[in-house]
Amino acid sequence: MKAEHKRMSRMLGYCLTLGNPDGWRAFGFVAEARLTRNERAALAFTVLNTLEPDEAEMTAAAAVQAAGAPLPPFLGGMEEARDWAACARRSELKAYVLAAFEALRDTDKAAFLAYAQGGQSA
């Protein structure tokens, strides 16, 4: 067994013994230093697959700090939309912009495209 893998095995034991967030943060720090990107990805993939699908999705979303679904607008919506967009991941932005665009009326789609291409109306 490689020395860095022995260290990681020991670190995992420490984290399981401590059982607190600080221990797991330390595990992540050591894993980044001692394991390759592929080893960390394989570890994450394998452990996520041991969870129920909803748990795995919530855990992965928390890990990548996903913004989640936008909140319903309170007043007007544009400010809330911009706040959400500032926190959203690229994949979330792409999914919601496409879904919103597809839901628009044809006239609104044309106005949006004109605005996105440098026009002034939308």
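Residues numbered from 1 in each chain as written. Predicted model: local features only at pLDDT ≥ 70, side-chain atom pairs only at ≥ 80, totals over all residues. Heavy atoms only, no water.

Student: Requested: an account of a negative patch on the surface, with residues and values cited.
Tutor: A cluster of like negative charges, contributed by Glu-52, Asp-54, Glu-55 and Glu-57, occupies part of the molecular surface. Mapping Glu-52 onto the fold places it in the loop between helix H3 (37–48) and helix H4 (53–63). (Patch = residues over 30% accessible without salt bridge, like charges linked within 9 Å, V, L, I, M, F, W, Y side chains within 5 Å. Areas by Shrake-Rupley, 256 points an atom, 1.4 Å probe, with all protein chains shown as cover. Salt bridge = Lys/Arg side-chain N within 4 Å of Asp/Glu carboxyl O. Lys, Arg positive; Asp, Glu negative; His and termini not counted. Charge placed at Lys NZ, Arg CZ, Asp CG, Glu CD. Helix = DSSP H or I, 4+ residues; strand = E, 2+ residues; numbered from the N terminus.)

Student: Tell me about the packing of helix H1 (residues 3–18) against helix H2 (residues 21–34), and name the residues and values.
Tutor: Following both chains from N to C, one finds H1 and H2 inclined at 170°, their axes separated by 9 Å at the closest point. When the interaxial angle is binned, H1 and H2 end up roughly antiparallel. Across the interface between the two elements, Glu-4, Arg-7, Met-8, Met-11, Leu-12, Cys-15, Leu-16 and Leu-18 from H1 touch Gly-23, Trp-24, Ala-26, Phe-27, Val-30, Ala-31 and Arg-34 from H2. Classifying every residue of the contact of H1 with H2 by side-chain character gives eleven nonpolar, one polar and three charged. (Axes fitted to C-alpha atoms, helices over the stretch in contact; angles between N-to-C directions. Parallel < 35°, antiparallel > 145°, perpendicular 65-115°, else oblique. Contact = heavy atoms within 4.5 Å. Nonpolar A, V, L, I, M, F, W, Y, C, P; charged D, E, K, R; others polar.)

Student: Can you explain the side chain of Glu-92? Please cite residues and give values.
Tutor: Relative to the assigned elements, Glu-92 resides in helix H6 (residues 90–103). Put simply, Glu-92 is tucked away with no salt bridge, and the nearest opposite charge, on Arg-89, sits 5.8 Å away. At 2.8 Å, the side chain of Glu-92 forms a polar contact with the backbone nitrogen of Arg-89. Not counting chain neighbours up to four residues away, the residues in contact with Glu-92 comprise Ala-66, Ala-67, Gly-68 and Trp-84. (Buried < 20%, exposed > 50% of the residue type's maximum accessible area, 1.4 Å probe, protein only. Polar contact = N/O pair within 3.5 Å; in protein donor to acceptor, adjacent residues only side chain to side chain.)

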